[in-house]
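Architecture and fold: a report
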Amino acid sequence: MAEVVANGVRLHVQRLAPPAPSEGAPVVVFVHGLILDNLSSFYYTLANPVALAGGDVILYDLRGHGLSEVPATGYTTHQAASDLDGLLDCLEVSTPVHLVTNSYGGLVALRLALAHPERVASLLAVEVNCTDDWTELMANTLTVIALALEHDGIATALAALGQRRMARTAALADNLLNGTTLIDDLASERPFTPTELARLTAPVCVFYGEHTELLASARLLEASVPSCHLEIVPGLGHTVLREATDVLRRVALSWLADQAGLTAEAATPTI
Amino acid sequence: MAEEAISPEAVLAELVKLLAQIVGDEMLIEVEVGPATRFNEDLALESIEFVALAEKLQQRYGGRVDFTAFVAEMDIDQIMAMTVGQLVDHISSCLAPVQPGAVT
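These numbers were taken from a predicted model, which means no experiment stands behind them.

**Description of helix H4 (residues 134-152) of chain A**
Residue and element names in this part refer to chain A.
- Here H4 contains 19 residues, and its C-alpha end-to-end distance of 27 Å stays within 8% of the 27 Å for a straight helix at 1.5 Å per residue.
- Trp134, Thr135, Met138, Ala139, Leu142, Ala146 and Leu149 are the residues of H4 that are buried. Along the long axis of H4, the arc covered by the buried residues comes to 110 degrees, so they all point the same way. Residues of H4 that are exposed and point over 90 degrees away from its buried face: Glu136, Val144, His151 and Asp152.
- Along its buried surface, H4 packs onto helix H2 (77-90), helix H3 (104-115), helix H5 (154-160), helix H6 (164-179) and helix H7 (182-187).
- At the exit of H4 stands glycine 153, carrying a positive phi of roughly 55 degrees.

Dropping the structure here:
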């Protein structure tokens, strides 16, 4: 199934089945990051190893991203959590799911876990920023980018230079930042309070690069979430999914072996 | 069951048609797509467009071509460096009829 209409928005979905038998296999849902990210960043890194290890894998593009619909409004994390809740309903997933997220995807997962704790069996959040300055930081950074895209005509200039991929990326970002309420919606977000985070019942693993700017988030989560395991990888910054895929894959498979009963080392695909 | 056209030339022609649906005809006018054409370097295909291509292959060839298993054997750098020829070879071998007398 490639497309689902959930919560009133058309979402691009990819599902990877585990090796037979797949009945009753633990469901693992990947949630990507913001703006230039989409399901391919997990599709080509962790998704297949997790499916081969026995996971019923679901990947999807957040509204406004990848191949999903780009509505003009509805870009709060609350809405994103509702989209995911609706998606799971459409796919008839009623068992609690194991979430694996990158960056902003972790905020969506935290919202879902707080709003619908029965939906979430565990959460592995890579490089999630959840301190109370994140909304302002994100909104400011995105506003600068939005203005540059709009005023400098970057997408058009790149297209004229034959830089197809960069032109497409710039046009995508321009449409999302200047054509929707995304920046305003982010700016209106309430951050997660320690009290809220203390209500999380699912086991959480948070994964950060040693040189990330988000260590305050790491400490907040470790201190507030009742069942929280913190992994910090030396030598890395925010882009751990791309730069340390092997390390993250080992951590993810080990975590999901504990939480979901998957095999810790993925079976080697037969050629 | 009807015989599927499985010559590499036929598969290449099919793949070019599917690629046109993803990257647009203009791109394929500029780039002559052959076995050595690289998806990323020459066609500027993004990762998400690769996913779309896998989708179209699934629709076109049904369960006979397993793109995800093919890709699962590669790391991200190998996927990004993939040539059209590698994919054509994989599709052709998936579609090749089973030899008479082979154990199923």
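**Quick notes on the state of the cysteines**
- Under the definition given, this model contains zero disulfides over all chains.
- Free cysteine cysteine 130 of chain A: the closest other cysteine sulfur is in cysteine 228 of chain A, separated by 9.3 Å.

**Examining the sheet that holds strand S7 (residues 204-209) of chain A**
Residue and element names in this part refer to chain A.
- Pairing within the open sheet is mixed, and its eight strands lie in the order S1-S2-S4-S3-S5-S6-S7-S8. Either end of the sheet is taken by a strand with one partner, and the two such strands are strand S1 (3-6) and strand S8 (228-233). Pairs of neighbouring strands in the sheet enclose a mean axial angle of 25 degrees, with direction left out of account.
- The pairing of strand S3 (residues 27-31) with strand S5 (residues 97-102) spans four bridges and is parallel. When the bridges of S5 are listed, valine 29 appears paired with leucine 99.

**Observations concerning the interface of chain B and chain A**
- Taken together, the contacts link 23 residues of chain B with 21 residues of chain A.
- Summing both partners gives a buried area of about 1,800 Å² for chain B against chain A, and 59% of it is carried by carbon and sulfur.
- Viewed at the interface, chain A and chain B are joined by two salt bridges.
- Inspection of the region where chain B meets chain A yields four residue pairs in polar contact (both at pLDDT 80 or more).
- It is helix H3 (residues 47-61) of chain B that contributes the most residues to the side of chain B that touches chain A, eight residues altogether.
- Per-class residue counts for the side of chain B that touches chain A are 15 nonpolar, three polar and five charged.

**A word on the layout of surface pockets**
- Taken as a whole, the largest pocket encloses approximately 1,500 Å³ of empty space.
- If you go around the largest pocket, you meet 43 residues; those closest to its centre are Leu34, Ile35, Leu36, Asp37 and Thr239 of chain A.
- Among the elements of the structure, helix H1 (40-52), H4, H6 and helix H10 (240-243) of chain A together with H3 and helix H5 (76-80) of chain B are those that each provide at least two residues to the lining of the largest pocket.
- Of the residues in the lining of the largest pocket, the class split is 18 nonpolar, 18 polar and seven charged.

**Some details on the side chain of glutamate 196 of chain A**
Residue and element names in this part refer to chain A.
- Structurally, glutamate 196 can be placed in helix H8 (residues 194-198).
- Residue glutamate 196 is classed as buried on the basis of its relative accessible area, which comes to 13%.
- Look past the residues within four positions of glutamate 196 in its chain and what remains in contact with it is Arg111, Leu114, Arg190 and Pro191.

**Concerning the confidence of the model for chain B**
Residue and element names in this part refer to chain B.
- Across chain B, the average pLDDT comes to 81, with 88% of residues at or above 70.
- When mean pLDDT is compared element by element in chain B, helix H6 (residues 84-95) scores highest at 90, while helix H2 (residues 25-30) scores lowest at 73.
- Among the scores for the predicted complex, ipTM is 0.75 and pTM is 0.88.

Thresholds applied
Residue positions within a chain follow its written sequence, with the count starting from 1. All chains are assigned letters beginning at A, and all ligands numbers beginning at 1, according to the order in which they are written. Two thresholds apply to this predicted model, a pLDDT of at least 70 for residue-level local features and 80 or more for giving and counting side-chain atom pairs, whereas whole-chain, interface and lining totals are computed over all residues. Hydrogens and water molecules were not included; the side-chain quantities draw on all heavy atoms of the structure. What counts as a helix is a DSSP run of H or I of at least four residues, what counts as a strand is a run of E of at least two, and both are numbered from the N terminus. Helix span, as expected, comes to 1.5 Å for every residue beyond the first. The buried label applies to any residue whose accessible area, calculated with a 1.4 Å probe on protein chains only, is under 20% of its type's maximum; exposed applies above 50%, and partly exposed to all values in between. Read the arc as the range of directions from the helix axis to the C-beta atoms. Contact definition: two residues touch when any of their heavy atoms are within 4.5 Å. Cysteine sulfur atoms are paired as a disulfide whenever they come within 2.5 Å of each other. Here, a strand pair is defined by DSSP locating no fewer than two bridges between the strands. Only C-alpha atoms enter the line fits that serve as axes; for helices the fit covers just the stretch in contact. Angles between N-to-C directions range over 0 to 180 degrees. As used here, buried area is the combined drop in accessible area, with a 1.4 Å probe, of two parts when they are placed together. In the sections that follow, a salt bridge refers to a side-chain nitrogen of Lys or Arg positioned within 4 Å of a carboxyl oxygen of Asp or Glu. Side-chain atoms alone can form a polar contact between residues adjacent in sequence; in general such a contact is a pair of N or O atoms within 3.5 Å, and within protein one must be able to donate a hydrogen while the other accepts it. Under the grouping applied here, Gly and all other residues not named as nonpolar or charged are polar, the nonpolar ones being Ala, Val, Leu, Ile, Met, Phe, Trp, Tyr, Cys and Pro and the charged ones Asp, Glu, Lys and Arg. Buriedness of a pocket was judged along seven lines, with at least five required to meet protein on both sides within 12 Å; pockets are open sets of points on a 1 Å grid over the protein atoms alone, cavities are sets where a 1.4 Å probe fits but cannot get out, and lining residues have an atom within 4 Å of a point. Grid points are joined across faces, edges and corners, and a volume is the space filled by probe spheres set on the points. The quantity known as pLDDT measures the predictor's confidence residue by residue, on a range of 0 to 100.

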